[in-house]
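Understanding the architecture of this molecule
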Amino acid sequence: MSSSIYNHKHLQPTGAATQGPSQQHASQGRLNEALEVIRQEFDVLSQDIGILRNQRDDFENKLNGQVTELNIIRQSLYQLEDQHRKVREQYEDELRKIQAEFASYKARVEGGPREGIASLGRDNRDRDRDRDRDRDRERDRDRERDRDRDRDITMRDREPPMRGDQMNMGLPGPPPRGDPSGREALGLGRPLGIPTAPGAPGPEPLGALALTPHAPPGAGSGPPGPISGSSNSAPINTVSVTGCNRTAQIYDAKTGVKTCVLVDEEASKTGDLYIRSVCFSPDGKWLATGAEDKQIRIWDIASRKIRNVFDGHQQEIYSLDFSHDGRLIVSGSGDKTARIWDMRDGSTNKILTINEPDSIDAGVTSVCISPDGRLVAAGSLDTVVRIWDVQTGQLVERLRGHRDSVYSVAFTPDGRGLVSGSLDKTLKYWDVRPILNRQQGNGVKPAGKDGTGEKGSQCTMNFSGHKDYVLSVAVSHDGQWVVSGSKDRGVQFWDAKTAVVQCMLQGHKNSVISIDLSPVGSLLATGSGDWQARIWSYTALERN
């Protein structure tokens, strides 16, 4: 019998069956796919984080820039506040000084005689208030002028009459209504009421005017002949020039036809450039113009080209005058100087400066040179007429007597007298022979009060009759007549020996701001704020 130890069964392992190679490969693939998806999601999140980080940096940079800009603005504001404080303190100091000066001046006025008080140091606000009052009264004054015109006609029948025939060199279009003074800051040049609309058509204002007996080459002229309406013959090639905005326009005084227009093409095209003064050379070949840009242009009229440009003035140029030999030209400006220029080389020969401490506002409004070329006279806003020696440039006389700004001066043909016109509505004749005698070593009279120059020049005649500011004066070349233009729109002829008015010419509808007498014949040119220049012929008639 066999043993039972050998009667047993083989044990078999339990559980899942062992995987084969194919099943292991499939599991590994699924694991890789899951890892790839996780990697992709990680990359996307990393990109998003990078974008957000860049945005954060941009925001931080912008914020820093705005903070910096805010700091700059804050610093600028602090600086502006500091500047404003300084300006306010300076303004308050100046205001206190002006108030103290005005109080002192008022005390002197109230303590002394009211007659003969000059406008030196007068508060500009008072003058503006006076001018506003004048404008308010214009309508009443128009009616008064109509009545005065009738009285003037009767007066001319009683006094030695003069015949005046006129010709308009009017620019197209009706003149504007109103009451412009014909002058701006200094009361010179640009009439008010100019159209301001961009591109608005219309005439140009007349800022200055001059006559010459010569026909400049290229200016255009006709055959010689008498001027109609005048008993004295005058060559019809006498020409007139008017200063306007950017242009100087030359007209034939016989026909009123425009023959030449002078324009500086190199001048700035922005804004206005009004010509404040014009003057022919004695031979009629050159024309000098002074404008708002502080430059004097010397034109060769034949070629219509600029020969010289004189620079030096610091403000606008309001007056020009050639010496009789044509070698020198004198200019006056609002910068308180008159300058003498040498026409040969364009250099500044002399600078005549008003630097007196008591002259608060002494802008030069008018200049003239004596016939012999020895003296230069200048009228200014401070009511004083000053005279300089041309050779030395020294101030040799101050003429005091006007009560308001002096707007025009003119020497007599013999050089012994000087006529001045003022905003005080009067003209004065000054005997300047003491200056000439002193230059010759004959001594001078002692200085005097108002109506007498410091060196003895006497005011020997007063011309009273204008109803408003006297803006321009001239003396005829025979010395017989003094002619004046005024804001009252009239042109008056005065007997130069008696200061008696002989005739009033009427026709302008606004202030007569410029006049000039022809060196030959009996021709008078007038320029006005009514946009017109007029040529008048006049003849003294025999008393019956």
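Quick look at the structure, then. (Residues numbered from 1 in each chain as written. Predicted model: local features only at pLDDT ≥ 70, side-chain atom pairs only at ≥ 80, totals over all residues. Heavy atoms only, no water.)

**A word on the overall build of the protein**
The following threshold applies: Segments assigned H or I by DSSP are reported as helices when at least four residues long, segments assigned E as strands when at least two residues long, and all are numbered from the N terminus. Only protein chains enter the accessibility calculation, which uses a 1.4 Å probe. A residue is then buried if its area is under 20% of the maximum for its type, exposed if over 50%, and partly exposed in between. What sets the accessible areas is the Shrake-Rupley method with a 1.4 Å probe; for residues, cover comes only from the shown protein chains.
Summing up its helical and strand segments, the protein has 4 helices and 28 strands in all. Burial statistics for the protein: of 544 residues in total, 44% are counted as buried. Carbon together with sulfur atoms contributes 50% to the accessible area of the protein, which is approximately 29,100 Å² in total.

**A word on unusual backbone geometry**
Unusually for a residue other than glycine, Thr-383 sits at a positive phi of about 80°. Counting through the fold element by element, Thr-383 comes out in the loop between strand 15 (375-380) and strand 16 (385-389).

**A short note on the pattern of salt bridges**
A side chain with one charge can pair with a side chain of the opposite charge if their charged atoms come near. Filter applied, for reference: For this document, the term salt bridge refers to a Lys or Arg side-chain nitrogen within 4 Å of an Asp or Glu carboxyl oxygen.
Applying the stated criterion to the full structure yields 17 salt bridges. Here Lys-269 makes a salt bridge to Glu-265, at a shortest N to O gap of 3.5 Å. By the burial criterion, Lys-269 is exposed, and Glu-265 matches it. When the shortest N-O distance is used, the salt bridge between Glu-356 and Arg-398 registers 2.8 Å. Of this pair, Glu-356 sits in the loop between strand 13 (348-353) and strand 14 (364-369) while Arg-398 sits in strand 17 (residues 395-399), and the two are 42 residues apart along the sequence. Neither residue differs from the other here; Glu-356 and Arg-398 are each classed as buried. A cluster of three or more residues bridged by salt bridges with shared partners is formed by Asp-82, Arg-85, Lys-86 and Glu-89.

**A few points about the sheet that holds strand 10 (residues 317-322)**
We count it as follows: Here, strands pair whenever DSSP counts at least two bridges between them. Here an axis means a line fitted to C-alpha atoms, over the contact stretch when the element is a helix, while the angle between two N-to-C directions is reported on a 0 to 180 degree scale.
Read from one edge of the open sheet, 4 strands run 10-11-12-13, paired in antiparallel fashion. Strands at the two margins of the open sheet, each flanked by one partner only, are strand 10 and strand 13. Each adjacent strand pair in this sheet contributes to an overall mean axis angle of 15°, direction not counted. Pairing analysis gives 5 bridges linking strand 10 to strand 11 (residues 328-333), with the strands arranged antiparallel. Residue pairing across strands places Phe-322 opposite Ile-329, the latter belonging to strand 11.

**Concerning the sheet that holds strand 20 (residues 426-431)**
The strand order across the open sheet formed by 4 strands is 18-19-20-21, and the pairing between neighbours is antiparallel. Looking along the sheet, the strands with just one partner apiece sit at the ends: strand 18 (406-411) and strand 21 (458-464). Looking at each pair of strands side by side, their axes are set apart by 20° on average, direction ignored. When strand 20 meets strand 21, the two strands line up antiparallel, connected through 6 bridges.

**Regarding the side chain of Ser-333**
Selection criterion: Two N or O atoms count as a polar contact when they lie within 3.5 Å, although within protein this holds only if one can serve as hydrogen donor and the other as acceptor, and sequence-adjacent residues are included solely when both atoms are side-chain atoms. Any two residues having at least one pair of non-hydrogen atoms within 4.5 Å are treated as being in contact.
Within the secondary structure layout, Ser-333 lies in strand 11. For Ser-333, a relative accessible area of 0% gives the class buried. At a separation of 2.9 Å, a polar atom in the side chain of Ser-333 contacts the main-chain carbonyl oxygen of Glu-316. With sequence-adjacent residues up to four places away left out, Ser-333 is seen in contact with His-313, Gln-315, Glu-316, Ile-317, Tyr-318, Gly-363 and Val-364.

**Quick word on the pairing of strand 13**
Regular strands have side chains that alternate between both faces of the sheet. In this sheet, strand 13 lies alongside strand 12 (residues 337-342) in antiparallel orientation, the contact comprising 5 bridges. Of the residues in strand 13, the one forming a bridge with Arg-339 is Ile-351. Hairpin remark: strand 12 followed by strand 13, antiparallel, with 5 residues in the connecting loop; positive phi at Gly-346, about 75°.

**Here we look at the environment of His-508**
As for its placement among the helices and strands, His-508 is situated in the loop between strand 25 (501-505) and strand 26 (512-517). Judged by relative accessible area, which is 5%, His-508 ranks as buried. When the C-alpha positions of His-508 and Gly-529 are compared, they lie 8.4 Å apart, and in sequence the two are 21 residues distant. With residues up to four places along the chain from it excluded, the contact list for His-508 reads Arg-489, Thr-526, Ser-528, Asp-530, Gln-532 and Arg-534. Within the local environment of His-508, its side chain forms a polar contact with the side chain of Thr-526, the two groups lying 2.7 Å apart. Within the structure, His-508 has its side chain in polar contact with the side chain of Asp-530 (distance 3.1 Å).

**Overview of the packing of aromatic side chains**
To keep it simple, the criterion reads: Note on ring pairs: Phe, Tyr and Trp rings are taken, using the six-membered ring of Trp, and paired if centres are within 6.5 Å. Classes follow the plane angle, with under 30 degrees stacked, over 60 edge-to-face and the rest tilted. Criterion for a charge above a ring: Arg CZ or Lys NZ at most 6 Å from the ring centre, at most 35 degrees from the ring normal.
By the definition in use, this model includes 4 aromatic pairs. Taken together, a centroid distance of 5.1 Å and an interplanar angle of 10° make the contact between Phe-310 and Trp-341 stacked. Note that Phe-310 is positioned in strand 9 (residues 305-310) and Trp-341 in strand 12, a separation of 31 residues in sequence. Residue classification places Phe-310 among the buried positions, given a relative accessible area of 2%. Classification of Trp-341 by relative accessible area gives buried; the value is 1%. Ring centres of Phe-493 and Tyr-538 lie 5.0 Å apart, and the angle between their planes is 55°; this geometry places the pair in the tilted category. Of the two residues, Phe-493 is situated in strand 24 (residues 491-495) and Tyr-538 in strand 28 (residues 533-540); the sequence distance between them amounts to 45 residues. The two residues Phe-493 and Tyr-538 agree in class, both being buried. Taken together through their ring pairs, the aromatic side chains of Trp-481, Phe-493 and Tyr-538 make up a single cluster. When the ring centre of Trp-286 is taken as reference, the NZ or CZ atom of Arg-307 above it lies at 4.5 Å.

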